[in-house]
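# Close look at the chain arrangement
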Amino acid sequence: MPPTLASLVHHSALKLTVRAGEERLATPVRWAHASELADPVPYMEGGELLLITALKLDAEDPEAMRRYVRRLGQAGVAGLGFAVGVHYATIPDALVDAAAEEGLPLLEVPRRTPFLAISKAVSAAISAEQYQAVTAGFAAPRDLTKQALGGGPAGLLAALAGQVDGWAALYDATGAVVAAAPEWAARRAARLTPEVERLHARTPPASLVVGGEAARGELHTLGTSRRPRAALAVGTGAPLGTAERYAVHSAIALLTLTTERSRSLHEAEQRVGAAVLRMLLAGEPEHARTAAGSLYGDLLDAPYRLIIAEAASATAARAHADGRTAPHGAPRPVDAPRPVAGERAVAAPVRAGEPPTGPLAALAEHVEAAAARAGEALLVVPDGERLVLLTADGGAAARACVGYAAAVDQARTTGQALAGRTDEPVMGLSAPAGPIAAATAYRQAEQALSVARRRGRALVEHEEVATGSVVQLLSDDAVRAFADGLLRALREHDATGRGDLVASLRAWLSRHGQWDAAAAELGVHRHTLRYRMRRVEEILGRSLDDPDVRMELWLALKATSGTE
């Protein structure tokens, strides 16, 4: 620790005597400085022990001494050393009283103790402290590395908390606390999650200081990528000293190495995952289990869900390429699911691409963090502009996807972007499936994804597609354009006032071709209705006896029912 007035008083060679301010002898001394100026304050930085002989001071004037001592105290001077036997045999009472009144420590320096000796003592103590800090700084990486190798990040955090005499916590990419030391610090660290999220928005490396002097915290990003993958928090009761700063920097370096190594392993795992998923989609679950080994635990044996996600911008781009737009000019694609060859293979096999970016990266981090906290296996495969996830049915990862989508939908409803983002994922979730039904699950997820796009929702489960009405699938512009074209001739006929063919056709189809029931609904004779249906056939050039024609006409009427 730095030298204090008390350590100088107890220095046997200096023979200093305390004349005032005994209660403040624990004040640290940054330097010892001799000055005979009547006002040395402009040349002081604070924390000095000022040494004087009162050559130019009227040390016996009480009012002058009060002004002098008060000004020294306001400047942050640590203490005042007065050399006796030079200009004054003893320290004048006026100076002693002023120092006592101000609470400024006043030390009597004997005639045989030169000011240079005091300066040397202060310098030696400061040098010793700095040497100790450097020595401790060199030891910190060794000790922290040993703890990291033996106990992982948790062991490293425990060692770091001991070295800074405080607490330490590690956050994942979503800002959630994954480890803390001591254990009681987890709750305190969780309160800093909003600050961690704010820190993650900065370009690494970045740091942030939170709290005050009594409860101070530092946040640091970890990793070398453009998007931080983790963060370190260190809490102390005072600003960090040199040794503590060495320890924190060492911890950042070690955790960054761990993070980067984990990222490389994660990317390798994704490549294995892509191969495993291809085997599952090809109907080869046994080969998939062999390739996966113990990597995914029992994920491949228990019921799982398959999720396909893509960014809204990718959806819009695909729709634009198809030349389709939704109402109000918003792109609305119509995608047929990727074809599945029987139930055993997909025509466009999943392949491991570049790590996800943008909204898909945020989704992947959110789901992976949820799975990690629950100790749950998860398969994540980037697939071009898509992200494919295989997660346990009813598990934490599946719930995280649903929760993430609910937050996106809520943000869209309120007109606010989620966490500053506007390009959020659109997801399709399959029904629960087993290893032999992976291709079916993939197709279900694509079908649900297509419906999610049409409905403007962040996530649709396949169960909703299976239990919903087919009418909801008719809201696409292409379907409406087909319906308008099919019914245009009938509407033009009705517009001339020569009969109500569209309404008659709707009533006849809704009554399953029953003439009497349909005529009663319209309030006309059945022969009139028969005549109108013959006119429909003549105008359209198609026979109503053909069930395909009746189906197309009915769907066209349903697709345009809201525009008439």
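Everything quoted here is computed from the prediction, not taken from an experiment.

Bringing the pattern of salt bridges into the picture now. Tallied over the entire structure, the rule returns 21 salt bridges. Where R542 meets E552, a salt bridge forms, and the shortest distance between an N and an O atom there is 2.8 Å. One end of the pair, R542, is in the loop between helix 17 (526-540) and helix 18 (547-559); the other, E552, is in helix 18, and 10 residues separate them in sequence. Assessed through its relative accessible area of 31%, R542 is described here as partly exposed. Judged by its relative accessible area of 24%, E552 falls in the partly exposed class. Residues joined in a network through salt bridges with shared partners are R305, D393, E461 and E463.

Attention now goes to the environment of L429. Assignment of secondary structure puts L429 in strand 16 (residues 425-429). Along the primary structure L429 and L449 are separated by 20 residues, whereas in three dimensions their C-alpha atoms are 7.4 Å apart. Excluding residues within four positions of it along the chain, L429 makes contact with R305, L306, I307, A445, A448, V460, E461 and H462.

So, on to the sheet that holds strand 2 (residues 31-34). Strand order in this open sheet of 5 strands is 1-5-4-3-2, and the pairing throughout is mixed. Strands with a single pairing partner mark the edges of an open sheet, and in this sheet they are strand 1 (17-20) and strand 2. Direction aside, neighbouring strands of the sheet carry axes that sit 30° apart on average. In terms of strand pairing, strand 2 meets strand 3 (residues 48-52) through 4 bridges, oriented parallel. In the strand pairing of strand 3, A32 is matched with L49. On top of the sheet, helix 3 (residues 93-102) reaches strand 1, strand 4 (79-83) and strand 5 (106-109); it is set at about 75° to strand 1, its chief contact.

It is worth spelling out the side chain of Q444 at this point. In this structure, Q444 sits in helix 12 (residues 438-455). Residue class for Q444 comes out buried when judged on its relative accessible area of 15%. In this structure the side chain of Q444 is engaged in a polar contact, spanning 3.1 Å, whose partner is the backbone nitrogen of A431. Among residues more than four places away in sequence, those in contact with Q444 are S430, A431 and H462.

On to unusual backbone geometry. Here the bond from A181 into P182 is cis, since omega is -10°, no more than 30 degrees from zero. Of note, the phi angle at A54 is positive, near 65°, even though the residue is not glycine. Within the fold, A54 resides in the loop between strand 3 and helix 2 (62-74). Here A54 falls in the buried class, since its relative accessible area comes to 2%.

Below, the discussion takes up the packing of helix 10 (residues 358-374) against helix 11 (residues 396-414). Packed helix pairs are characterised by how far apart their axes lie and by the angle those axes make with each other. Between helix 10 and helix 11, the least distance of the axes is 8 Å, while the angle of their chain directions is 140°. By the criterion of interaxial angle, the relationship of helix 10 to helix 11 is oblique. Crossing of helix 10 over helix 11 shows right-handed handedness. Contacts between helix 10 and helix 11 involve P359, A362, L363, H366, V367, A370, A371 and A374 on the former and, on the latter, A396, A397, A400, C401 and Y404. Across the contact of helix 10 with helix 11, the residue classes break down as 12 nonpolar, 1 polar and no charged.

One finds V276, L277, L280, L306, L379 and L390 to be the most contacted residues of the largest nonpolar core, which totals 28 residues. The set of elements that each furnish at least two residues to this core consists of helix 7 (242-281), helix 8 (285-292), strand 11 (304-311), strand 14 (378-383), strand 15 (386-392) and helix 12. If one sorts the elements of this core by residue count, helix 12 sits on top with 8 residues. If sequence neighbours within four positions are ignored, L280 has contacts with P285, A288, L300, L390, P435, A438 and A439. Core analysis: the next-biggest nonpolar cluster, separate from the first, contains 26 residues, F82, A94, L104 and L106 among them.

What counts and what doesn't
- Residues numbered from 1 in each chain as written.
- Predicted model: local features only at pLDDT ≥ 70, side-chain atom pairs only at ≥ 80, totals over all residues.
- Heavy atoms only, no water.
- Salt bridge = Lys/Arg side-chain N within 4 Å of Asp/Glu carboxyl O.
- Helix = DSSP H or I, 4+ residues; strand = E, 2+ residues; numbered from the N terminus.
- Buried < 20%, exposed > 50% of the residue type's maximum accessible area, 1.4 Å probe, protein only.
- Contact = heavy atoms within 4.5 Å.
- Pairing = 2+ DSSP bridges.
- Axes fitted to C-alpha atoms, helices over the stretch in contact; angles between N-to-C directions.
- Polar contact = N/O pair within 3.5 Å; in protein donor to acceptor, adjacent residues only side chain to side chain.
- Parallel < 35°, antiparallel > 145°, perpendicular 65-115°, else oblique.
- Left-handed = near helix turned anticlockwise from the far one by under 90°.
- Nonpolar A, V, L, I, M, F, W, Y, C, P; charged D, E, K, R; others polar.
- Core = buried A, V, L, I, M, F, W, Y, C linked by side-chain atoms within 4.5 Å.

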